[in-house]
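Overview (structure and organization)
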Amino acid sequence: MESYRKDMQRIIIAAILLAVIVASSILVAAYFSGQSGDSPEDGTLEFITTLPTAPLTLIVESGSQGTQIVGNLEFGFVDTSSGIAVGVTEDWLQIHNGFNKTDAVGLGIQEQRSYAFMYLDGERSFDYWSNRTPSDSITIEDEVAWSPGSRSSMYTGDIRNEDLSHLTIAGYVIEFDHLSVVFKDGSNVVCIPANLSLGVNFTLIDEEWQIDYILEASSPENVVFGSDSVTISLDYEIPDSDDDNIEYVSDEFAAIPDTSELVITFVAIPLGIGIVLVGYILFMVKRR
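Residues numbered from 1 in each chain as written. Predicted model: local features only at pLDDT ≥ 70, side-chain atom pairs only at ≥ 80, totals over all residues. Heavy atoms only, no water.

Right, let's talk about the pairing of strand β5 (residues 104-120) for a bit. Of all 17 residues that make up β5, 14 are buried, and the element is covered over most of its length. Bridging between β5 and strand β9 (residues 167-183) involves 15 bridges; their strand directions are antiparallel. Across the sheet, Q112 pairs through a bridge with F176, a residue of β9. Bridge count for β5 against strand β6 (residues 123-127) is four bridges, and the pairing is antiparallel. (Buried < 20%, exposed > 50% of the residue type's maximum accessible area, 1.4 Å probe, protein only. Helix = DSSP H or I, 4+ residues; strand = E, 2+ residues; numbered from the N terminus. Pairing = 2+ DSSP bridges.)

Right, dumping it as structure tokens:
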């Protein structure tokens, strides 16, 4: 009887120890998942969730050469300090370089123009798109304008918050002039078509927001428009890399660990130790 009581005490102690180890590991994993997986702050504003948003993907690919560049755009509305504005956020660029090909490091743009429009109860508040007068324009020379390490937003407004219920039409168009792919060795190649306009028109119909994409190109060559995407074929023979250090992501994000791997590691190791410990105690009890 005394032996049985001691065996049960060992089992209870082992179970408590296992529970403490698992709980501790989960807390540590949760802490690291919150710390390590955070993206760098970029100062972009959050979209208003009660108003619609629309994603649009820009893809530049080199076909069998394997290099592909993916840029995600999100159009929508933000609440600024003075009212409601409409615009777009350019997310971090994703680059997949072809095997043994010179690395692409980002997209270059000779000039980037923006056009915004808003109508209240069907009456124009402002409309820069109808007459093609840019609400904003940026000239960029000989540098990467969009990369895996850059995220930016552009917005135009503002209508007063109290006028939000009168908003019936709004939209935003971003125009790329001479979009190019920039490579690690400093060279670049201009994409065709030379001019590309990407945007969204939000229209309120019967209390429901309708989303219509605005997709235009200066020529139909090498470009395919999808329902919410634009694909440009890069008509260029990418030179072979002169070294073996193929960069798939920017150095800024290379050191950010995978949060899921951290969680699995912090939970699995102590859990395995605890299971082995309990198994050993049960084995010893059975032998006795």
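This brings us to the environment of S165. Its place among the elements puts S165 in the loop between β8 (152-159) and β9. On the basis of relative accessibility, which here comes to 62%, the residue S165 falls in the exposed class. In sequence terms S165 and D121 are 44 residues apart; their C-alpha atoms lie 9.0 Å from each other.

This brings us to the confidence of the model for the chain. Scored by pLDDT, the chain has a mean of 80; 68% of the residues are at 70 or more. Counting interchain partners and residues more than four positions distant, the pLDDT-below-50 stretch residues 20-24 has three contacts. A low-confidence stretch, residues 26-41 (pLDDT under 50), is modelled with 19 contacts involving residues beyond four sequence positions or located in other chains. (pLDDT = per-residue confidence, 0-100. Contact = heavy atoms within 4.5 Å.)

This part is about the environment of I214. In this fold, I214 is placed in strand β12 (residues 208-217). Of the residues examined, I214 reaches a relative accessible area of 12% and is grouped as buried. C-alpha separation for the pair I214 and V173, spaced 41 residues apart in sequence, amounts to 7.3 Å. Apart from residues lying up to four places away in sequence, I214 is in contact with F117, W129, V173, S197, L198, G199, V200 and N201.

Next up on the list: the pattern of salt bridges. Taken as a whole and assessed by the stated rule, the structure comprises nine salt bridges. Notably, a salt bridge pairs E175 with R113, separated by 2.8 Å at the nearest N-O pair. Linking E175 in strand β9 with R113 in strand β5, this pair joins segments that are 62 residues apart in sequence. Pair check on accessibility: E175 and R113 agree, each one buried. For R160, the salt bridge is made with E162, and the minimal N-O distance between the two is 3.8 Å. E162 gets classed as exposed once you look at its relative accessible area, which sits at 54%. Salt bridges sharing common partners tie together E111, R113, E175 and D177. (Salt bridge = Lys/Arg side-chain N within 4 Å of Asp/Glu carboxyl O.)

Now for the nonpolar core. L58, F75, F77, L107, V181 and L198 are the most contacted members of the largest nonpolar core, which has 45 residues in total. Elements supplying a minimum of two residues to this core: β1 (54-61), β2 (68-79), β3 (84-90), β5, β8, β9, β11 (195-205) and β14 (229-233). For this core, the element with the highest residue contribution is β9, accounting for eight residues. By size, the runner-up hydrophobic cluster in this structure holds six residues, among which are Y119, W129, V173 and I214. (Core = buried A, V, L, I, M, F, W, Y, C linked by side-chain atoms within 4.5 Å.)

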